[in-house]
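Given next are the chains, with one letter for each unit.
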Amino acid sequence: MSRLTPLNQRLNRLLFWVGGGAFVVAAVAMAVYTQTRETSEYLRSMAGQLHIASSLISDFIRRDAAYISRYVSDRKPSGYPQMLQRLQSSFAIQGLDDLAYVLDQSGRVIAAADGYDNFLGLNFSHLDAVSLELPAYGVHQSLLSKRSVVSLTFPMADGMTLVVERDLVGIVPLMDHVAQGAMLPEGLLFILSADGTTVYHPEAELVKTRHNLGLEIEHTPAAETSGLQLLKYRGEPYLALTRPLAIPTGWHLYYVVPARLLDTAIVQNVAIPAALLAITILVLFVGLGLAIKRNLSAPVASIVGFLRRYRLGRHEGVISEGAGRGLTETTEIIRAVNDMTGVIHQYTEELEAREQLFRTVTEFSYHWAFWIGADRKLRYVSPSCKRVTGYTQQE
């Protein structure tokens, strides 16, 4: 026989599981919503930082390009020294170490900035920055200054070409300014070249030593649906947003933040609503438990108690219809029980009266009366058996 459980206990257990399930579902929904919202905020802030950085880099490299193009378009060879001197003065005024030189149609240097006359006559046609004839070529090391530069080419009269090498050291203060305006705490902005070499990083030593930071970054196989990537940087998981640069080609902007910051933000934003939800569910649980006990469990317990006492022979009249708490079903059950027990009580009284009459008749009858059951055993023997058989009722 299976173990029986009181109705009130069963209902309380059901409420517990329903309330607990509702809490779990709501908490998960809040966590998912919060994660989506926080991730979107992070993505928006990080994308904004990268957009600003890429715009500044593009403006830095292409600055004065329109002016230089107009200025040099009709210059004659006799005016190259003055042209280069003026350009170098303009670069110096801006605090930049850019260099300019002129190539002939075959790619030989025919004019160079002061201090680089020893490069006159050298053939640079083998360099991609020259042979590809691109307006702006990707990052490479200058043969003149030995620094990382981006070469800009400007066509001149008679098929000559002016080459301006933008020294990329000037990008550092620009990126420092962008990094200082970051909205996300512990956010880190850096730039890597195509081979992973550090172009910009807040730690200047990494740029100075041309440290290959790309070898230290562990990319995860899959990216999140939000567009953020999970990667490990210096042993710690980070959320990263990357953007390839059109100018200069081959560079990648990285903006990374520790993944724990997003996790912490989600927990902080979910904890208070979850606690309020738990309290609300608890209050509802207690209220529903009391309501069920008063309106269902208590009436059923009254009926069960009455029937138990009736079974033990302690008839106590009827169950008050007020015990039904005004519910149609429980009140109808109480009425049915009252009618049933009333009829049973009536029949029991009639049966007892008939039994008493039968005993009276048989006890004082002159004839011997006895009753044999279906098992062929005597159930009743009248006192007259002594007179007829010589044996008493007990014998």
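Figured I'd write up the structure that's included with this text. Counting of residues starts from 1 at the beginning of each chain's written sequence and follows it residue by residue. Local features in this predicted model are restricted to residues whose pLDDT is 70 or higher, and side-chain atom pairs enter the listing and the counts only when it is 80 or higher, whereas totals over whole chains, interfaces and linings include all residues. Hydrogens and water molecules were not included; the side-chain quantities draw on all heavy atoms of the structure.

**A few points about the overall build of the chain**
1) Next: Broken down by element type, the chain carries nine helices and 13 strands.
2) Next: Relative to all contacts within the chain whose residues are 6 or more apart in sequence, the contacts with residues 24 or more apart total 50%.
3) Next: For every accessible area listed, the method is Shrake-Rupley and the probe measures 1.4 Å; residues are considered covered only by the protein chains on display. In the form shown here, the chain has an accessible surface area of approximately 23,800 Å², with 60% of it arising from carbon and sulfur atoms. In this description a helix means any DSSP run of H or I spanning at least four residues, a strand means any run of E spanning at least two, and both kinds are numbered starting from the N terminus. Contact criterion: two residues are considered in contact whenever any of their non-hydrogen atoms come within 4.5 Å of each other.

**Some points on the side chain of Gln88**
1) Next: With respect to the helices and strands, the residue Gln88 is situated in helix H3 (residues 80-93).
2) Next: Here Gln88 falls in the buried class, since its relative accessible area comes to 18%.
3) Next: At 3.1 Å, the side chain of Gln88 and the backbone oxygen of Asp98 are in polar contact.
4) Next: Nitrogen and oxygen atoms within 3.5 Å of one another constitute a polar contact, given that in protein one can donate a hydrogen and the other can accept it, and given that sequence-neighbouring residues count only through two side-chain atoms. In this structure the side chain of Gln88 is engaged in a polar contact, spanning 3.0 Å, whose partner is the backbone nitrogen of Ala100.
5) Next: Ignoring sequence-local partners within four residues, the contact set of Gln88 consists of Asp98, Leu99, Ala100 and Ala113. Accessibility here uses a 1.4 Å probe with only protein chains present; expressed as a share of the type maximum, an area under 20% marks a residue as buried, one over 50% as exposed, and anything in between as partly exposed.

**So, the layout of surface pockets**
1) Next: Put simply, the largest pocket is a space of about 590 Å³.
2) Next: Think of a 1 Å grid over just the protein atoms. A cavity is a set of points where a 1.4 Å probe fits yet cannot get out, a pocket is an open set with protein on both sides within 12 Å along at least five of seven lines, and lining residues have an atom within 4 Å of a point. Lining the largest pocket are 24 residues, and of these Ser148, Thr198, Val199, Val207 and Arg210 lie nearest its centre.
3) Next: When grouped by side-chain class, the residues that make up the lining of the largest pocket number nine nonpolar, nine polar and six charged. Grid points are joined across faces, edges and corners, and a volume is the space filled by probe spheres set on the points. Each residue is assigned to one of three groups, with Ala, Val, Leu, Ile, Met, Phe, Trp, Tyr, Cys and Pro labelled nonpolar, Asp, Glu, Lys and Arg labelled charged, and all others, Gly among them, labelled polar.

**Things to note about unusual backbone geometry**
A negative phi angle characterises most non-glycine residues, just as the trans form characterises most peptide bonds.
1) Next: Its identity is not glycine, yet Lys146 carries a phi of approximately 65°, on the positive side.
2) Next: Topologically, Lys146 is positioned in the loop between strand S3 (136-141) and strand S4 (148-155).
3) Next: A relative accessible area of 53% means that Lys146 is categorised as exposed.

**Things to note about the nonpolar core**
1) Next: Nonpolar cores were defined as sets of buried Ala, Val, Leu, Ile, Met, Phe, Trp, Tyr and Cys residues, with membership established by side-chain atoms within 4.5 Å. If you look at the biggest cluster of nonpolar residues, it comprises 50 residues, and the most contacted ones within it are Ile57, Met83, Val102, Leu162, Met175 and Ile191.
2) Next: Broken down by element, the residue count for this core peaks at seven residues, all from helix H1 (residues 7-62).
3) Next: When near neighbours in sequence (up to four residues on either side) are disregarded, Val102 contacts Tyr80, Met83, Leu84, Arg108, Val109, Ile110, Ala111, Met156, Met160, Thr161 and Leu162.
4) Next: If you look at the next biggest cluster of nonpolar residues, it comprises 11 residues, including Phe190, Leu192, Ile217 and Val256.

**Points about the sheet that holds strand S9 (residues 229-233)**
1) Next: With respect to topology, six strands assemble into an open sheet ordered S7-S6-S11-S10-S9-S8, the strand pairing being antiparallel. Two strands lie at the open edges of the sheet, namely strand S7 (198-200) and strand S8 (217-219), each paired on one side alone. Along the sheet, successive strands turn relative to each other by an average axial angle of 40°, direction set aside. One bridge is not enough; two strands pair if DSSP finds at least two bridges between them. Where helices are involved, their axes are fitted lines through C-alpha atoms of the stretch in contact, as for all axes, and angles between N-to-C directions lie from 0 to 180°.

**Considerations on the packing of aromatic side chains**
1) Next: Under the pairing criterion, centres of Phe, Tyr and Trp rings, with the six-membered ring standing for Trp, must be within 6.5 Å; the plane angle then separates stacked pairs below 30 degrees from edge-to-face pairs above 60, leaving the rest tilted. Tallied over the full model, the rule gives seven aromatic pairs.
2) Next: Between the aromatic rings of Tyr116 and Phe119, the centroid separation amounts to 6.3 Å while the plane-to-plane angle is 40°, which identifies the pairing as tilted.
3) Next: We classify Phe119 as buried; its relative accessible area is 14%.
4) Next: Summarising the aromatic geometry, the rings of Tyr233 and Tyr238 are spaced 5.6 Å apart at their centres and angled 80° between planes, so their arrangement reads as edge-to-face. For the pair Tyr233 and Tyr238, a shared accessibility class is recorded, and that class is buried.
5) Next: Members of the aromatic cluster, joined through ring pairs, are Phe190, Tyr233, Tyr238 and Tyr254.

**Digging into empty space enclosed by the protein**
1) Next: Going through the model one piece at a time under the given rule, you end up with one cavity of 30 Å³ or more.
2) Next: Looking at the largest cavity, the residues that line it are Asp64, Tyr67, Ile68, Leu87, Ser90, Phe91 and Gln94.
3) Next: Secondary-structure elements contributing two or more residues to the lining of the largest cavity are helix H2 (65-72) and H3.
4) Next: When residues in the lining of the largest cavity are grouped by element, the largest group, three residues, is from H3.
5) Next: Taken together, the residues of the lining of the largest cavity sort by class into four nonpolar, two polar and one charged.

**Overview of the side chain of Thr198**
1) Next: Residue position: Thr198 is located in strand S7.
2) Next: Residues within four places of Thr198 in sequence aside, it is in contact with Ile191, Leu192, Leu206, Val207, His211 and Leu213.

**Some details on the pairing of S9**
1) Next: Pairing between S8 and S9: three bridges, direction antiparallel. Counterpart to Glu218 in the pairing with S9 is Lys232.
2) Next: As defined by bridge partners, S9 adjoins strand S10 (residues 236-244) across five bridges and the pair is classed as antiparallel. Residue Lys232 lies in a different strand from S10, and its bridge partner there is Pro237.

**Section: H1**
1) Next: Between the first and last residue of a helix there are one fewer steps than residues, each counted as 1.5 Å, and that sum is the expected span. Taking 1.5 Å per residue as the helical rise, H1 with its 56 residues ought to reach 82 Å, and the 81 Å between its terminal C-alpha atoms agrees with that figure.
2) Next: Positive backbone phi, approximately 60°, marks Asp64, located one or two places after H1.

**Some words on the pattern of salt bridges**
1) Next: Each reported salt bridge corresponds to a side-chain nitrogen of Lys or Arg within 4 Å of a carboxyl oxygen of Asp or Glu. For the structure on display, the rule yields seven salt bridges.
2) Next: Note that Arg37 and Glu38 form a salt bridge whose closest N and O atoms lie 3.6 Å from each other.
3) Next: On the basis of relative accessible area, Arg37 is assigned to the partly exposed category, the value being 33%.
4) Next: In this structure, the salt-bridge partner of Glu203 is Arg234, at a minimum N-O distance of 2.8 Å. Within this pair, whereas Glu203 is found in the loop between S7 and helix H6 (204-208), its partner Arg234 is found in the loop between S9 and S10, the two being separated by 31 residues in sequence.
5) Next: What makes Arg234 partly exposed here is its relative accessible area of 46%.
6) Next: Residues joined by salt bridges that share partners form a network here, namely Glu186, Glu236 and Arg260.

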